[in-house]
Amino acid sequence: MTVASIKALLVTASLLGSSAMALAPAAPSALAPPVASAPPASTAPPAASAPPASTAPPSAPAAPRGVAKPAFPPDLEIAIVPKQLADRPGPLPPSVSVSGRSSKDPSLWRVSFACSAGDAGAAKSMSVAGSFNGWSTTRTPMHRNETLPPRAASKLPWISAVELPDGEHLYKFVADGSRWFHDLQNVQRVPDGHGGFNSVLRLGVEANLDASKAERGDGRIEFVALGHDSTKPRDRQRLGADCWLIRARTLAGDVESVELARSDGGGAGALAASAASSGSTPLRRVARQGPFEWWETEITAAAPLRYTFVFKDGDRRVRDPRIYELDPSEKPGFTTPDWARDAIWYQVMVDRFRNGDPKNDPEPVRPWRSEWEIASPWEGRDGQTFFKHFVFDRLYGGDIAGLRQALPYLKQLGANALYLMPVFQAQGPHKYNGRSYIHIDEHFGTKGDYAVAEAKEDLLDPSTWTWTESDRAFLDFVKQAKSMGFRVIVDGVFNHTGTDHPAFRDVRDRRQKSRFADWYEIKSWEPFDYEGWWGHKSLPVFRKDDTHGLASESLRKHIFDATRRWMDPDGDGDPSDGIDGWRLDVPNEVPMPFWREWCKLVKQINPDAYISGEIWTRAEQWLDGTAFDAVMNYEFAKPAVAWVANREQKLTVSELDERLAALRLAYPNAATQVMQNLVDSHDTDRVSSMMMNPDRPYNERNREQEGHRYDSSRPDAAHQRRQQVLALLQMTYVGAPMVFYGDEAGMWGAGDPGNRKPMLWKDLEPYDNAEENFVDEWMLDFYRGAMALRRDHSALRRGSFRTLVTDDEQDLWVFLRDDDREQVLVALNASDRAAAVTLPAELGTGWRAVFGEAEGPEGDPSWPRVEIPPTTGRVWAKSK
């Protein structure tokens, strides 16, 4: 289909919008080819799949005498999109063809990818990896015409067929399972974050909308862009007992206002109380995402009602052809653990946190106070160098006893939830190369107890599993931590193991005769070869399929049994003696069916358990009520760091606000409230060093061993103040903040391994090179104050969010957090100059300063005009 024909259909769509009058056509450029950098488009269903329209309005209260009762639905032009417009895939690159809708599922397109013989080179095998198959190199293989002789077939393109829904899809071609390259025939591409590109395919009329020529007030309304899917939390979700958040979508810059019309003509929420008597509730514009603009409001609904939307631009008013039903008795579609809203997370790498028991130290163990860049006597004797590779194998002796000793420190700091990187038996310091899912590492507990247990246990029979002294020490720690008010979650690494895992050893030794032969992705039995995680042979990956995610039934059962073991250790049905949840490593590399089954099990064991996934990109598919509660919120970290740290490539406050608004829009509010809002982690450079190394894509060009020019010296006070702005943002923004161990003590470092130095402790000073290695009391005091601020104010933990000021010139952001108890006003200044702002009059009086400068507004004749010092923030609160 040509662009011209799509434009013609769009005009037809507008002309068919009403049978009573001639209509102005929609903007003729609405379906022009999109720009390459456009974010994913919405995939709201076409009108045909929406809830049925009402044939008769429900009864409504009688209007007061002398007042005309508003009609429902409003007697307006109806925004109908012709069905044939939804049956066009949109512009396609030469390498992609579409043969229509799927016969099994009409919401899917039958898509064929082609890679020319010249682009593939001498590849012996080809596949398509993309956002639609978890970036798997095996799930979508390509083939040639197998009926032709090999020499003839080798000149033909590689072909693969797949069924895909409307929306944006990212993909690459993969030659021989390891050589990745973007589609050279597709000009639509975006950076992949690793110095290359992902190709972009947009399917459906909505995905190909372009808002660049939309204009408010011209009387033209793009019907295709109008949307509301009442089945999705993005568009409708419960906020409280009788309170609902309602959103509608338009083309960005296209309409002047949106209203919600109700069947009862009243009952509007606080944001629109003045409109209640008219039977309509105005929506406010809240976010832009790709070519779309989103509008929202809150309504109260104690009884069933019906509603629709009215869109206005210039003198033109149209209404959504659909009538939606809301029944307050329906159960929420997505819930998350209530306690996680109050969580202040602290991430710990156990080996590097604190050594509490020297008796379980591995050999050799590095002295805790030793200077990081100076080799120990045993390091380098075998020819290895610092980065190749002895620094990665260092062990410092951190253990469970050290965790127990640190609990009072963490309590005083303000943390109340702990995320522990892998604690199960494994070689090395990080433990992502697991040897077991059922035993705590002996160097964290009792040295030498693991081998004894492994020798007498059957991995496939939980009745043979024993509890080691290390296991019991960990459970005792969990009990103590909970008694002090902490929650504890641990890393689940269910994509791969280490090569010393007993199952892999058995496969390697016995080949096909092994009981675990179907666990791993074996490429060849003779000679023995297997798939390693991202090519790392030390991390053999599990075999996957699309039916169960993890292909082996016995593997799934083993993981499920291990999950039960740590969530309900004594098996009595009471999970209070177990961990409180899981953080999941690389979950995007395991197909979704496994996670749906596993997460269901977790919630059966403990409905209050918390599940967070390591997802580095937008995570809507993981937060649909069938999988995770939250993710590590790198999509929060990326724009936040770009705003505070960058200079030449700095995000403006308006851009930051827009990016975060789009993120809040993407997820159910129940997930947004419990997201792990981090700025750094064990996989990135330290946040203080990010401030020293601006203008880099997040987590890129930050590994010294790869030859990047990176300043890894100790940050000065100016850069630390920028870190503090980010910390204050973490503690005041929507979601649960997460601090990487040592950030509060002034630790710094480049990407792995520099970010994983041993924790700085006051009672261990002086360290070697004492001029640099010491606890920064100024930074520690700041974190304690910022974390106490969040702990003491419920609105920061549970309240709504509303932007009040985005001042790009002054680099100033002011927002309001609001719950039923209080309001909290936050002003953040990321510039090197003082900023002054006159706060909105609607805020009223009665505010008191709770963070920042001591002076409050009471008695201050300049209020509501306030000044915010450079690179800092101020916070005020007001009780209701």
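Since the model is a prediction, treat every value here as computed from it, not as a measurement. (Residues numbered from 1 in each chain as written. Predicted model: local features only at pLDDT ≥ 70, side-chain atom pairs only at ≥ 80, totals over all residues. Heavy atoms only, no water.)

Secondary structure assignment for the chain yields 17 helices and 39 strands. When contacts within the chain are restricted to residue pairs at least 6 apart in sequence, those whose partners lie at least 24 apart make up 69%. Summed over its atoms, the accessible surface of the chain is roughly 35900 Å², and 52% of this surface lies on carbon and sulfur atoms. (Helix = DSSP H or I, 4+ residues; strand = E, 2+ residues; numbered from the N terminus. Contact = heavy atoms within 4.5 Å. Areas by Shrake-Rupley, 256 points an atom, 1.4 Å probe, with all protein chains shown as cover.)

Turning next to the packing of helix H15 (residues 717-732) against helix H16 (residues 777-792). The geometry of H15 relative to H16 is characterised by a closest axis approach of 9 Å and an angle of 15° between their N-to-C directions. Here H15 is positioned roughly parallel relative to H16, judged by the angle of their axes. Handedness of the crossing formed by H15 with H16: right-handed. Residues Ala717, Gln720, Arg721, Gln723, Gln724, Ala727, Leu728, Gln730, Met731 and Thr732 of H15 touch H16, and the partners they reach there are Trp778, Met779, Phe782, Tyr783, Ala786, Met787, Leu789 and Arg790. Taken together, the residues of the contact of H15 with H16 break down into 11 nonpolar, five polar and two charged. (Axes fitted to C-alpha atoms, helices over the stretch in contact; angles between N-to-C directions. Parallel < 35°, antiparallel > 145°, perpendicular 65-115°, else oblique. Left-handed = near helix turned anticlockwise from the far one by under 90°. Nonpolar A, V, L, I, M, F, W, Y, C, P; charged D, E, K, R; others polar.)

Counting 157 residues, the largest nonpolar core has Tyr346, Phe474, Trp582, Trp598 and Trp813 as its most contacted members. Residues Leu283, Leu305, Phe309 and Leu326 belong to the second largest nonpolar core, which totals 21 residues. (Core = buried A, V, L, I, M, F, W, Y, C linked by side-chain atoms within 4.5 Å. Buried < 20%, exposed > 50% of the residue type's maximum accessible area, 1.4 Å probe, protein only.)

Moving on, we get to the packing of aromatic side chains. Each aromatic ring pair is described using two quantities: the centre-to-centre distance and the angle formed by the ring planes. Evaluated as defined, the whole model comprises 53 aromatic pairs. Taking the centre distance of 6.3 Å and the plane angle of 35° together, the rings of Trp525 and Phe528 count as tilted. The partly exposed category is assigned to Trp525, whose relative accessible area is 22%. Between Trp863 and Trp876 the ring centres are 5.8 Å apart and the planes differ by 65°, which places this aromatic pair in the edge-to-face class. On the criterion of sequence distance, the pair formed by Trp863 in the loop between strand E37 (848-851) and strand E38 (865-868) and Trp876 in strand E39 (residues 872-879) is long-range, its members being 13 residues apart. (Phe/Tyr/Trp six-rings, centres within 6.5 Å; stacked < 30°, edge-to-face > 60°.)

The end-to-end C-alpha distance of helix H7 (residues 469-483) is 21 Å, a good match for the 21 Å that 15 residues give at a rise of 1.5 Å each. Within H7 the residues assigned to the buried category are Ser470, Asp471, Phe474, Leu475, Phe477, Val478 and Ala481. One face of H7 carries all of its buried residues, which in axial projection span an arc of 155°. Relative to its buried face, H7 has exposed residues pointing more than 90 degrees away, namely Lys479 and Ser483. Turning to H7, the residues buried within the fold contact helix H5 (400-413), strand E20 (417-420), helix H6 (449-455), strand E21 (487-492) and helix H9 (553-567). (Expected span 1.5 Å × (residues − 1). Arc of directions from axis to C-beta.)

Let us now look at the sheet that holds strand E6 (residues 158-165). Read from one edge to the other, the open sheet built from three strands follows the order E2-E3-E6, with strand pairing classed as antiparallel. Strands at the two margins of the open sheet, each flanked by one partner only, are strand E2 (96-101) and E6. Across the sheet, the mean angle from the axis of one strand to that of its neighbour is 25°, orientation sign disregarded. Judged from the four bridges that link them, E2 and strand E3 (residues 108-115) form a sheet pairing that is antiparallel. Each bridged residue has a counterpart across the sheet, and for Arg101 the counterpart in E3 is Trp109. (Pairing = 2+ DSSP bridges.)

Mapped onto the elements, Arg583 comes out in strand E28 (residues 581-584). Engagement of the side chain of Arg583 in a polar contact is seen with the side chain of Asp491, the distance being 2.8 Å. Setting aside its immediate chain neighbours within four residues, Arg583 contacts Tyr419, Tyr432, Ile489, Val490, Asp491, Gly492, Ser612, Glu614, Met632, His682 and Asp683. (Polar contact = N/O pair within 3.5 Å; in protein donor to acceptor, adjacent residues only side chain to side chain.)

On to the confidence of the model for the chain, then. Mean pLDDT over the chain: 89, with 89% of residues reaching 70 or higher. Below pLDDT 50 for its whole length, residues 1-66 participates in 128 contacts with residues either more than four positions away or in separate chains. Low confidence marks residues 265-278, where pLDDT is under 50. Its contacts with residues over four positions away, or in another chain, come to 25 contacts. (pLDDT = per-residue confidence, 0-100.)

To continue, consider the sheet that holds E28. Pairing is parallel across the open sheet formed by eight strands, whose spatial order is E30-E29-E28-E21-E20-E19-E32-E31. Only two strands of the sheet have a single partner each, and these edge strands are strand E30 (630-631) and strand E31 (676-677).

Attention now goes to the pattern of salt bridges. Pairing of side chains with opposite charge becomes possible as their charged atoms draw close. Tallied over the entire structure, the rule returns 59 salt bridges. With a shortest N-O distance of 2.7 Å, Glu293 and Arg216 are connected by a salt bridge. Of this pair, Glu293 sits in strand E15 (residues 292-300) while Arg216 sits in the loop between strand E10 (197-203) and strand E11 (236-238), placing them 77 residues apart in sequence. Given a relative accessible area of 7%, Glu293 falls into the buried group. Between Asp763 and Arg354 there is a salt bridge whose closest N-O contact spans 2.7 Å. Note that Asp763 is positioned in the loop between strand E32 (736-740) and H16 and Arg354 in the loop between strand E19 (345-348) and H5, a separation of 409 residues in sequence. Each of Asp338, Asp342, Arg797 and Arg798 takes part in one network of salt bridges that share partners. (Salt bridge = Lys/Arg side-chain N within 4 Å of Asp/Glu carboxyl O.)

Two quantities define a packed helix pair, namely the angle between the axes and the distance from one axis to the other. It is the contact of H9 with helix H10 (residues 592-605), at a shortest axis distance of 10 Å, that shows an interaxial angle of 25°. Classed by the angle they form, the pair H9 and H10 counts as roughly parallel. Considering how the two elements wind past one another, H9 and H10 form a crossing that is right-handed. Contacts from Arg556, Ile559, Phe560, Thr563, Arg564 and Met567 of H9 reach H10 at Phe594, Glu597, Trp598, Leu601, Val602 and Ile605. Per-class residue counts for the contact of H9 with H10 are eight nonpolar, one polar and three charged.

Residue class for Arg354 comes out buried when judged on its relative accessible area of 12%. At a separation of 2.9 Å, a polar atom in the side chain of Arg354 contacts the side chain of Gln405. With residues up to four places along the chain from it excluded, the contact list for Arg354 reads Trp368, Gly397, Gly398, Asp399, Gly402, Gln405, Trp761 and Asp763.

What follows is about the environment of Gly581. With respect to the helices and strands, Gly581 occurs in strand E28. Judged by its relative accessible area of 0%, Gly581 is buried. Those residues in contact with Gly581 that lie beyond four places of it in its chain are Val488, Ile489, Val490 and Tyr610.

Here we take up the pairing of strand E25 (residues 536-540). Both strand E24 (residues 532-533) and E25 contribute to a ladder of two bridges, which runs antiparallel. When the bridges of E25 are listed, Gly532 appears paired with Pro540.

In this section: unusual backbone geometry. Looking along the chain, the bond that leaves Lys388 and enters His389 is cis, with omega of 0°. Among the structural elements, His389 can be located in the loop between E19 and H5. Cis geometry marks the peptide bond from Glu526 to Pro527; its omega dihedral reads -5°. By the secondary structure assignment, Pro527 is in the loop between strand E22 (522-524) and strand E23 (529-530). Its identity is not glycine, yet Lys431 carries a phi of approximately 70°, on the positive side. Looking at the element boundaries, Lys431 is found in the loop between E20 and H6. Its identity is not glycine, yet Asn699 carries a phi of approximately 60°, on the positive side. For Asn699, a relative accessible area of 25% puts it in the partly exposed group.

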